[in-house]
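Residue strings, one per chain:
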Amino acid sequence: MEIEQDIRLTDKDVDEALMVVTSSKQLQDVKMKFLGKTGRISELMKCMRDVIAEKKREVGQMLNELRVRTEDKFNVLNEKFKKKELEERYASETIDVTMPGKKSESGSFHPNTLVRGELISIFSGMGFEVFEGPEIENDYYNFTALNTPADHPARDMQDTFYLSPELLLRTQTSAGQIRVMENKKPPIKILSPGKVYRSDDDATHSPMFSQMEGLVVDKGITLCDLKGMLDEFAKKVFGDDVKTRLRPSYFPFTEPSVEVDVSCFECGGKGCRLCKGTGWIEVLGAGMVNRRVLEGCDIDPDKYSGFAFGMGIERIAMLKYGINNMKLLFEGDVRFLKQFKD
């Protein structure tokens with residue numbers, strides 16, 4: 001009968017197909033060809049309905065023996081390939097402990113991060129709490145409440161990025177002073193670090209930079225308290241021999257206002273390229289909180305007084321680490337950043 005010939009031919013084709021199989025994946029493909037739902041043996045099983053009654057028992061036995069024999073062949077080869085592939089995997093994953101190890105380089109903190117952390121640590125040690133305000137401010141907190149009304153010439157100093165007539169990217173972290181004083185009554189002692197934005201771009205300025213603002217409000221606060229605190233800050237950042245001096249300046253939210261210089265830590269005040277021969281380096285601006293600012297926050301200026309100061313974190317980092325171009329702090333050059341590993 002034709003089906004008997006097909007059974008014997010299929011048995012022969014299975015052997016020939018298995019002779020060229022070299023992997024478990026190929027074995028699976030061959031298995032599906034013969035034993036799958038649409039495989040040749042399955043198709044032969046369907047042909048049983050056409051076999052005459054006298055031959056059904058004989059042909060059925062032949063088909064069953066073919067299926068069992070084929071499955072056994074596949075199982076034997078499958079075990080063989082699995083064992084071989086497992087040995088190859090173990091061989092590829094073997095570690096030669098005598099080989100030199102691969103060096104994994106550790107990362108480093110950005111100089112801004114180092115300086116920010118150092119400043120927060122210094123002022124926290126003096127009792128300051130950290131407050132971080134929003135980077136998108138409204139005009140009131142960024143200017144008006146800081147004694148800088150719409151027609152004030154000091155607005156021209158800021159080169160502001162406006163998002164709308166009322167919203168802007170804050171030009172100074174001083175806006176945080178107002179938010180704190182509106183919601184907390186004296187005594188107040190806060191430090192406000194964060195990013196600020198101004199339309200300015202050269203070797204020592206960037207459209208985006210980091211600033212740190214400090215505010216102290218209490219009874220009996222004087223300029224001497226500010227000077228004493230700044231002396232301590234300068235010694236901890238630049239060295240024990242560094243001195244500070246205050247020069248008259250102007251900021252709308254402080255009166256009197258001062259620029260704060262430190263004696264040149266490079267030449268000891270003798271004059272060099274870093275201090276441009278003057279023996280002093282400007283580091284920050286400060287002053288006593290303007291009475292109008294206190295009044296606007298419902299704090300009685302006859303009862304309370306305070307001082308505020310603000311510094312650029314990038315400027316402190318450039319001075320501390322001898323960086324001559326602010327752009328280096330924003331380029332992400334790994335060769336530059338590697339120099340700041342602890």
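Rules behind the numbers
Residues numbered from 1 in each chain as written. Predicted model: local features only at pLDDT ≥ 70, side-chain atom pairs only at ≥ 80, totals over all residues. Heavy atoms only, no water. Helix = DSSP H or I, 4+ residues; strand = E, 2+ residues; numbered from the N terminus. Buried < 20%, exposed > 50% of the residue type's maximum accessible area, 1.4 Å probe, protein only. Contact = heavy atoms within 4.5 Å. Pairing = 2+ DSSP bridges. Axes fitted to C-alpha atoms, helices over the stretch in contact; angles between N-to-C directions. Parallel < 35°, antiparallel > 145°, perpendicular 65-115°, else oblique. Left-handed = near helix turned anticlockwise from the far one by under 90°. Salt bridge = Lys/Arg side-chain N within 4 Å of Asp/Glu carboxyl O.

(A) Quick peek at the side chain of E137. Tracing the backbone shows E137 in strand 2 (residues 136-138). Under the relative-accessibility criterion, E137 is labelled buried at 1%. Apart from the residues lying within four places of it in its own chain, the contact partners of E137 are N142, E166, L167, L168, R170, A175 and R179.

(B) Region of interest: the pairing of strand 8 (residues 254-263). Burial analysis of strand 8 places 8 of its 10 residues in the buried class, which makes it a mostly covered element. Of the strand pairs in this sheet, strand 7 (residues 244-251) and strand 8 are connected by 7 bridges, and their pairing is antiparallel. Within strand 8, the position partnered with R247 by the bridge is E259. Counting the residues in the hairpin turn of strand 7 and strand 8 gives 2 residues. Pairing of strand 8 with strand 9 (residues 280-289) involves 8 bridges; the strand directions are antiparallel.

(C) Here's a closer look at the packing of helix 5 (residues 111-124) against helix 8 (residues 223-238). Packing of helix 5 against helix 8 leaves a shortest axis separation of 11 Å and a crossing angle of 140°. Comparing the axis directions of helix 5 and helix 8 gives the class oblique. For helix 5 against helix 8, the interelement crossing comes out right-handed. When helix 5 is examined against helix 8, the residues E118, L119, I122 and F123 are found in contact with a partner set consisting of M229, F233, K236 and V237.

(D) Molecular detail of the pattern of salt bridges. Here the structure, examined in full by the defined rule, presents 18 salt bridges. A salt bridge links D29 to K25; the shortest N-O distance between them is 3.9 Å. Of the two residues, D29 and K25 both sit in helix 2 (residues 24-35), 4 residues apart, roughly one turn of that helix. Residue class for D29 comes out partly exposed when judged on its relative accessible area of 45%. Judged by relative accessible area, which is 62%, K25 ranks as exposed. Close ionic contact of D333 with R335 constitutes a salt bridge, the shortest N to O distance being 2.8 Å.

(E) Region of interest: the sheet that holds strand 4 (residues 167-169). The strand order 2-4-3 describes an open sheet built from 3 strands, whose pairing is antiparallel. For this open sheet the edge positions go to strand 2 and strand 3 (161-162), each flanked by a neighbour on one side alone. Alignment of strand 3 against strand 4, held across 2 bridges, turns out to be antiparallel. Bridged to Y162 within strand 4 is L168.

(F) Examining unusual backbone geometry more closely. Cis rather than trans, the peptide bond between P186 and P187 has omega equal to 5°. Summarising the element assignment, P187 is placed in the loop between helix 7 (175-183) and strand 5 (188-197). At K276, a position not held by glycine, the phi torsion is positive, near 55°. Of note, K276 is situated in the loop between strand 8 and strand 9. Its relative accessible area of 76% is what places K276 among the exposed residues. One non-glycine residue, D298, adopts positive backbone phi at about 60°. By the secondary structure assignment, D298 is in the loop between helix 9 (291-296) and strand 10 (305-312).

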